[in-house]
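Residue-level structure breakdown
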Amino acid sequence: MNTWNETPTDLTEFLNLADFEEKAVERMSKMAYEYVASGAADELTIQWNRQAFDAIKLNPTVLNGVGQPDTRISLLGHELPHPILIAPTAYHQIMHPEGELATARGAGAASAVYVVSSFTTTPLAEIAQTATQPLWFQLYVRDDREYTRNLIQEAEARGCRAICITVDTAVPGVRNRQEKGGFNLPDHVITHHMPGPLNEKKPLTWKDIEWINSFAKTPVLLKGILNAEDAEKAVQAGASGIIVSNHGGRNLDTVPATIDALPRVADRVNGRIPVLMDGGIRRGTDVLKAIALGARAVLVGKPVCFGLACGGAAGVTKVIELLKTELEIAMILTGRATIPQIDRSVIWK
Ligand SMILES: Cc1cc2nc3c(=O)[nH]c(=O)nc-3n(C[C@H](O)[C@H](O)[C@H](O)COP(=O)(O)O)c2cc1C
Ligand SMILES: CC(C)CC(=O)C(=O)O
């Protein structure tokens with residue numbers, strides 16, 4: 001049974017992303033909230049993702065003449081109106097009864113790319129019918145190669161513009177808090193494209209990436225790279241992009257904050273392919289910092305889940321719009337009229 005609290009939320013009271021998390025605790029089941037909010041093991045990486053952003057100071061400029069900044073970016077051959085994407089997150093129907101369809105509508109209204117998780121609880125075909133903005137597909141590779149090939153081909157047939165292979169989950173992390181929260185999918189919540197949980201160990205190798213690249217028609221990005229050596233291998237394996245990510249602190253605890261890892265990866269990749277990042281983005285200034293340190297775009301995970309839980313599609317839209325507005329303010333106050341003008345000189349040395 002769905003125990004959803006149907007009372008609509010007045011979103012005018014949500015002024016920033018922290019407000020969504022605060023209210024989500026009241027609106028979500030304990031099981032769902034703990035699933036979304038928790039990190040792996042002692043939750044150090046999840047804290048560091050935030051602390052590392054907070055420790056970076058910005059360098060303002062005055063009298064710089066920047067009025068309305070232009071947030072457009074070019075990514076994998078497409079122009080996007082802003083650099084904020086919706087990270088793949090599983091099981092949206094435990095966060096809101098409309099699940100991924102609400103996320104797709106919310107993404108559409110916020111002109112954001114939505115990266116659909118392999119663990120979507122709504123069939124991709126229905127999400128694709130609802131979406132008005134580009135979809136990407138996040139892929140968990142399973143042992144059965146034919147299954148994986150069919151899934152990629154289905155995502156492409158549904159119009160997904162890129163495949164993000166998650167490479168940091170050879171085995172799911174030590175999810176103590178998630179377990180204590182009693183994680184358990186209700187019977188009516190079905191993962192249509194993933195038969196069963198991801199509890200087998202999956203020894204993916206670079207050869208699997210080359211195999212996928214050999215038939216994928218859309219760009220293939222690798223999600224979950226943290227160091228320069230792996231970034232170099234990704235370029236050599238023919239990846240079209242890299243997502244610097246520690247899975248929101250949910251997999252291997254005590255790996256560094258992504259904003260600390262990003263500049264090393266960006267330096268090594270040196271513009272050969274786009275580098276994106278996620279982990280701890282909660283303010284427009286975080287987006288600015290990530291772009292300054294080498295990200296072409298950022299993805300947002302937990303806040304979108306909380307937006308969905310608090311306000312369905314409208315909540316998702318508001319989370320992205322708040323970040324975009326804050327990014328514009330940060331660009332004006334640091335004197336950057338366009339995204340490509342955001343370089344390392346916006347960071348206070
Ligand atoms: C509830 C939840 C579910 C997630 N599910 C997936 C998933 O299915 N596939 C995946 O590649 N990453 C998944 N992630 C990781 C996100 O894509 C992303 O890397 C992370 O949430 C970014 O950090 P942030 O939550 O601090 O923004 C999930 C994260 C959360 C919070
Ligand atoms: C089904 C899970 C492995 C989805 C995920 O990536 C996560 O919860 O972080």
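Residues numbered from 1 in each chain as written. Chains lettered and ligands numbered in written order. Predicted model: local features only at pLDDT ≥ 70, side-chain atom pairs only at ≥ 80, totals over all residues.

Per an unreviewed UniProt entry, the chain is named Alpha-hydroxy-acid oxidizing protein, and its organism is Larkinella rosea. Looking at the chain in UniProt, the text filed under Cofactor (unreviewed entry) is "FMN". The Sequence similarities (unreviewed entry) field of the UniProt record for the chain holds the comment "Belongs to the FMN-dependent alpha-hydroxy acid dehydrogenase family." (UniProt positions renumbered as here; feature names shortened; annotations may be inferred.)

A few words now on the overall build of the chain. Scanning the chain from N- to C-terminus turns up 12 helices and 10 strands. For the chain, whose C-alpha radius of gyration is 19 Å, the value lies close to the compact-globule estimate of 20 Å for 349 residues. The principal-axis extents of the C-alpha atoms in the chain amount to approximately 60 × 50 × 40 Å. By the burial criterion, 49% of the 349 residues in the chain qualify as buried. Contacts in the chain between residues at least 24 apart in sequence constitute 73% of all its contacts with a sequence separation of at least 6. (Helix = DSSP H or I, 4+ residues; strand = E, 2+ residues; numbered from the N terminus. Rg over C-alpha atoms; globule rule 2.2 N^0.38 Å. Buried ≥ 20, exposed ≤ 12 C-beta atoms within 10 Å, placed from the backbone. Contact = placed C-beta atoms within 7 Å.)

Bringing helix 12 (residues 302-333) into the picture now. Counting along an α-helix, one turn takes 3.6 residues, and residues three or four places apart therefore face a common direction. Compared with an ideal rise of 1.5 Å per residue, which puts 32 residues at 46 Å, helix 12 spans 27 Å between its outermost C-alpha atoms and falls more than 12% short. The largest bend in helix 12 comes to about 140°, at G311. Across the 32 residues of helix 12, 24 count as buried, placing the element largely inside the fold. G335 occupies a position one or two residues after helix 12 and carries a positive phi of about 75°. (Expected span 1.5 Å × (residues − 1). Bend = angle between axes of the 7 residues up to and from the residue.)

Around ligand 1, 24 residues are found, and the nearest of them are S117, T166, G248, G301 and K302. Only helix 2 (30-37) and helix 12 provide two or more residues apiece to the shell around ligand 1. Looking at the shell around ligand 1 residue by residue, the class counts come to nine nonpolar, 11 polar and four charged. (Near = placed C-beta within 6 Å. Nonpolar A, V, L, I, M, F, W, Y, C, P; charged D, E, K, R; others polar.)

This paragraph deals with helix 10 (residues 258-269). For helix 10, spanning 12 residues, the distance from its first C-alpha to its last is 16 Å, which sits close to the expected 16 Å at 1.5 Å a residue. In this fold, the buried residues of helix 10 make contact with helix 3 (44-55), strand 7 (220-225), helix 9 (228-236), strand 8 (241-244), strand 9 (275-278) and helix 11 (284-292). Just downstream of helix 10 lies N270, where phi reads positive at about 50°.

The biggest cluster of nonpolar side chains holds 104 residues, and the ones touching the most others in it are I86, I163, I242 and V298. Looking at this core, the element that brings in the most residues is helix 12, giving 15 residues. Filtering out sequence-adjacent residues up to four positions away, I163 remains in contact with F137, L139, I152, A155, A216, T218 and V220. (Core = buried A, V, L, I, M, F, W, Y, C linked by C-beta atoms within 7 Å.)

So, about the site of ligand 2. Taken together, A90, F119, P172, L198, H247 and R250 are the residues near ligand 2. Residues of the shell around ligand 2, tallied by class, amount to four nonpolar, one polar and one charged.

So, on to the pairing of strand 10 (residues 297-300). Side-chain direction in a regular strand flips from residue to residue, so the side chains alternate between the two faces of the sheet. The alternating pattern of strand 10 places A297 and L299 and V298 and V300 on opposite faces, both of which are buried. Taken together, the three bridges between strand 3 (residues 84-86) and strand 10 define a ladder with parallel strand orientation. Among the inter-strand pairings, I84 is bridged to a residue of strand 10, identified as V298. Here strand 9 runs beside strand 10; their pairing, made up of three bridges, is parallel. In the sheet register, L276 faces strand 10, and the bridge partner there is A297. (Pairing = 2+ DSSP bridges.)

Inspection of the secondary structure assignment puts F20 in helix 1 (residues 17-27). On the basis of neighbour count, F20 is assigned to the buried category, with 29 C-beta atoms found within 10 Å. Placed 105 residues apart in sequence, F20 and A125 show a C-alpha to C-alpha distance of 29 Å. Apart from residues no more than four positions distant in its own chain, F20 is found in contact with F14, P303, F306, G307, C310, G315 and V319.

So, about the packing of helix 9 against helix 10. In a packed pair of helices, the relevant descriptors are the angle between the two axes and the axis-to-axis distance. Contact geometry for helix 9 and helix 10: axes closest at 8 Å, N-to-C directions at 40°. Here helix 10 runs oblique to helix 9, going by the angle between their axes. In this structure, helix 9 crosses over helix 10, and the sense of that crossing is right-handed. Residues A228, A231, E232 and V235 of helix 9 form the contact with helix 10, whose participating residues are R264, V265, R268 and V269. (Axes fitted to C-alpha atoms, helices over the stretch in contact; angles between N-to-C directions. Parallel < 35°, antiparallel > 145°, perpendicular 65-115°, else oblique. Left-handed = near helix turned anticlockwise from the far one by under 90°.)

Looking now at the pairing of strand 6 (residues 163-166). Side chains of strand 6 alternate between two faces, with I163 and I165 and C164 and T166 buried alike. Across three bridges, the pairing between strand 5 (residues 135-139) and strand 6 is parallel. Paired with L139 across the two strands is I165, which belongs to strand 6. With respect to chirality, the unit in which strand 5 leads through helix 6 (residues 145-157) into the neighbouring parallel strand 6 is right-handed. (Right-handed = clockwise from strand over helix to strand, strands pointing away.)

Where helix 1 meets helix 12, the closest approach of the two axes is 10 Å, and the angle between their N-to-C directions is 170°. The angle between the axes of helix 1 and helix 12 places the two elements in the roughly antiparallel class. Residues L17, F20, E21, K23, A24 and R27 of helix 1 lie in contact with helix 12, whose contacting residues are P303, F306, G307, A309, C310, G315, V319 and L322. Residues that form the contact of helix 1 with helix 12 fall into these classes: nine nonpolar, two polar and three charged.

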